[in-house]
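Notes for the structure review
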Amino acid sequence: MTTEPANPAAPAPERPGLVTTYRRLWPYLWPHGRLDLQRRVFLAFGLLLVAKLATLAMPFTFKWATDALVAAVGGGTETVPSGLLAAPMLLIGLYGLSRIVMAGLTQVRDGLFAKVAMHAVRRLALQTFEHMHRLSLRFHLERKTGGLTRVLERGRNGIEELSRLMVLTLVPTIVEFVLVLGVLAYEFDWLYSAVVLVMVAAYLGFTYKATEWRIAIRRRMNNSDTDANTKAVDSLLNYETVKYFGAEGRETARYDESMAKYETASTQTYVSLAVLNAGQAVIFTLGMTAVMWLAARDIMAGRTTIGGFVLANTMLVQLSMPLNFMGMIYREIKQALIDIDDMFRILHRNPEIADQPGAKPLAVGEAVVRFEDVRFAYNPERPILRGVSFAVPSGKTVAIVGPSGAGKSTLSRLLFRFYEPQGGRITIDGQDIAAVRQDSLRAAIGMVPQDTVLFNDTIGYNIRYGRWEASEAEMREAARLARIDRFIESLPEGYDTPVGERGLKLSGGEKQRVAIARTILKGPPILVLDEATSALDSFTEREIQDALDRVAQGRTTLVIAHRLSTVVNADEILVLDRGVIVERGDHAGLLAHGGVYAAMWNRQREADAAREALKRAEDREEAVEAGTRPVPEPVPAE
């Protein structure tokens, strides 16, 4: 299945609401087959109700204690018999007990539900991470790694936040609000409930408007935060390039530009929070004052007691705490919905390259590779390959050479099925690679790229990456065949030596040898060498080339080369120019032909000779400066 890449200019689709998002999350919050987690959900909601009943009991115990104390005092008597103090003391103890029960049940509920929420976070994050690896190379080339990992991180936090806020904050607040309205109507009259209802409606309305305003500011803050994070990651990953061009100041300025936007948006966020809190406090205070005025009026009319006044006040004070978080809850839920939706958009994006239904594993016999009239373009307006046909016979080496941009590396990407050709087909032992499983295809091919990027782990980890189940002895044998074993053993930590970010602690030749050892350990029947020595000096190139020649023995090998000196022993050399094979043959035959290959060979020989002459001149200058005997000019051969 192939899907078209997303159009970046298209307007973003509408964000889903709370109900839609919860419907998406429900399979993770109610995991099929996990009865233990399902029981936790039931228990958490049961404890929620019991805790709220305990919360509701607290104002009543406070009311009863107050009325008992008023009765015991008897309207102001200075001396109170000890017997009359028993009832108030018991009620005060009951008040304390109800608070302990409420707090204890709430914490048990939170602890029970934490396992459910974090299991959902883990499952969905793992599924998204796995899906990211299934997405096409095109997707990853179009996205910035820092921004992509940020989406994963925020989505993970969003699931945790939404689960916690909905189950542990919003639902309990709604339950408590309904109970408070019922109690006020029952204990007093409907006017109390009406006042509280109007107050809460005004409170939530103001909170909604103010929070919408704040969300726009928060979005700008998040965008600038993501931009700053992406620039930091990009700059630090390219640390050497920054140093090469002395661009520290420019990189710092770019980062500071993003951080300045972040600073402005963050300041606005704090100011808007102050406005939100002030407005909420005014609305709630007006509502509470109205309720207390009604209670005082009823006390003076003899319709309620001092304890009733305390009851109304205490219930509203308790309600104020969750209401105070409503702005935060709304904002965080809305932000969590955005973050979760970003994750789901990645999760629901179909891979550009997918296995066909019922695809079978690749069966490799002689490992004959064929390109049959292959046509390909990354962009329809710019064709890369225009009908390329060739074969790599079993156990033979075929080299692809040509100028930059001719489409050489595209051939290896098509062979690995990072992309699908728009025309023609590629076969291995007669099997169209588009009809076989991708994992079996890539298991049969080994790659030594031009730019070897290593994991930020040990040398041993990076070698064993070729075949994870390999033994220690097999790993060391692969290092020996790649001629890197002596170097590794000379290190204090040996195979446990960290290689640093992208392998920056190793030289270019050492990284290439690690890549070769990794490929040797994999033991693939087909080998692709994509300009594996073009970034190395001449001495290191010869050493690496010897190792590559040993790896290629007995394997079907496709060599993509920039330096023609590395392919003189190839069984066949193909010259690719503007997406078309213009010449083919062995080294001697192509030189005798005097065409494109011969011209390229002569230009490279002249460039190599010029470099050698320059090197000798520099050596003579250094020798003169050091006061030693100059290096003599070489005597030309007769």
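Numbers given for residues are sequential positions, taken from 1 along each chain in its written order. Reporting in this predicted model follows two pLDDT cut-offs: at least 70 for local features of residues, and 80 or more for side-chain atom pairs to be given and counted; totals over whole chains, interfaces and linings ignore these cut-offs and use all residues. Based on all heavy atoms of the structure, the side-chain values leave hydrogens and waters out of the count.

1. With respect to the overall build of the protein chain
- When its secondary structure is counted, the protein chain shows 19 helices and 10 strands.
- To sort residues, take the accessible area from a 1.4 Å probe on protein chains only and compare it with the maximum for the residue type: under 20% means buried, over 50% means exposed, and anything in between is partly exposed. Among the 638 residues that make up the protein chain, the fraction classed as buried is 44%. Under the DSSP-based scheme used, a helix requires at least four consecutive residues in state H or I and a strand at least two consecutive residues in state E, with every element numbered from the N terminus.

2. Overview of the side chain of Thr556
- With respect to the helices and strands, the residue Thr556 is situated in strand β8 (residues 556–560).
- Residue Thr556 is classed as buried on the basis of its relative accessible area, which comes to 1%.
- Reaching out from Thr556, the side chain makes a polar contact with the backbone nitrogen of Gly395 at a distance of 3.2 Å.
- In what follows, residue pairs with any heavy atoms lying within 4.5 Å of each other are defined as contacts. Contacts of Thr556, omitting those with residues within four sequence positions, involve Glu366, Ala367, Val369, Val392, Pro393, Ser394, Gly395, Lys396, Pro525, Ile526 and Leu527. Here a polar contact is recorded for every N or O atom pair within 3.5 Å, except that within protein the pair must consist of a potential hydrogen donor and a potential acceptor, and residues adjacent in sequence are included only if both atoms are side-chain atoms.

3. Quick look at the pattern of salt bridges
- The salt bridge criterion pairs a side-chain nitrogen of Lys or Arg with a carboxyl oxygen of Asp or Glu, the two atoms within 4 Å. Enumeration according to the criterion identifies 14 salt bridges in this entry.
- Of the charged contacts, one joins Arg297 and Asp298 as a salt bridge, the two residues approaching to 3.5 Å between their closest N and O atoms.
- Residue classification places Asp298 among the buried positions, given a relative accessible area of 3%.
- For the salt bridge of Glu372 with Arg425, the shortest nitrogen-to-oxygen distance reads 2.9 Å. Highlighted residues: Glu372 in strand β1 (residues 369–376) and Arg425 in strand β4 (residues 423–428), separated in sequence by 53 residues.
- For Arg425, a relative accessible area of 33% corresponds to the partly exposed category.
- Several salt bridges converge on common partners, so that one network encompasses Arg297, Asp298 and Arg303.

4. Details of the confidence of the model for the protein chain
- Within the protein chain, residue pLDDT values average 79, and 86% of them lie at 70 or more.
- Mean pLDDT in the protein chain bottoms out at helix α4 (residues 137–142), which sits at 64, and peaks at β1, which reaches 92.
- A residue's pLDDT is the predictor's confidence in that residue, given on a scale from 0 to 100. Per-residue pLDDT stays below 50 along residues 75–84; that stretch engages in 5 contacts with residues further than four places along the chain or on separate chains.
- The low-confidence segment residues 634–638 (pLDDT under 50) makes 1 contact with residues lying over four places distant or belonging to another chain.

5. Quick look at the sheet that holds strand β7 (residues 526–530)
- At least two DSSP bridges between two strands are needed for those strands to be called paired. The sheet built from 6 strands is open, its strands ordered β6-β7-β8-β3-β9-β10 with mixed pairing. Of all strands in the sheet, those bounded by a partner on one side alone are β6 (445–448) and β10 (580–585). The mean inter-strand angle of the sheet, taken between neighbouring strand axes irrespective of direction, is 20 degrees.
- Bridge analysis of β7 against β8 gives 5 bridges, and the strand direction is parallel. Residue Ile526 lies in a different strand from β8, and its bridge partner there is Thr556.
- Between N-to-C directions, angles span 0 to 180 degrees; the directions come from axes that are lines fitted to C-alpha atoms, helices contributing only their stretch in contact. Those strands touched by helix α16 (residues 508–522) are β6 and β7, and its axis lies near 175 degrees from that of β6.

6. Remarks on unusual backbone geometry
- Phi is positive for Ala367, close to 60 degrees, though the residue is something other than glycine.
- As for its placement among the helices and strands, Ala367 is situated in the loop between α10 (326–347) and β1.
- Phi at Arg417 is positive, roughly 60 degrees, even though this residue is not glycine.
- Structurally, Arg417 is set in the loop between α11 (408–415) and β4.
- For Arg417, a relative accessible area of 1% puts it in the buried group.

7. Digging into the packing of aromatic side chains
- Any two of the Phe, Tyr and Trp rings considered here, Trp counted by its six-membered ring, make a pair once their centres fall within 6.5 Å; the pair's planes then place it as stacked at under 30 degrees, edge-to-face at over 60, or tilted in between. Under the counting rule described, the total for this entry stands at 11 aromatic pairs.
- Here the aromatic rings of Phe376 and Tyr378 are separated by 4.8 Å at their centres, their planes lie at 85 degrees, and the arrangement is edge-to-face.
- Look at Tyr378 and Tyr419: their rings are 5.1 Å apart centre to centre, the planes differ by 85 degrees, and that puts the pair in the edge-to-face class. Of the two residues, Tyr378 sits in the loop between β1 and β2 (385–392) while Tyr419 sits in the loop between α11 and β4, which places them 41 residues apart along the sequence.
- Under the relative-accessibility criterion, Tyr378 is labelled partly exposed at 26%.

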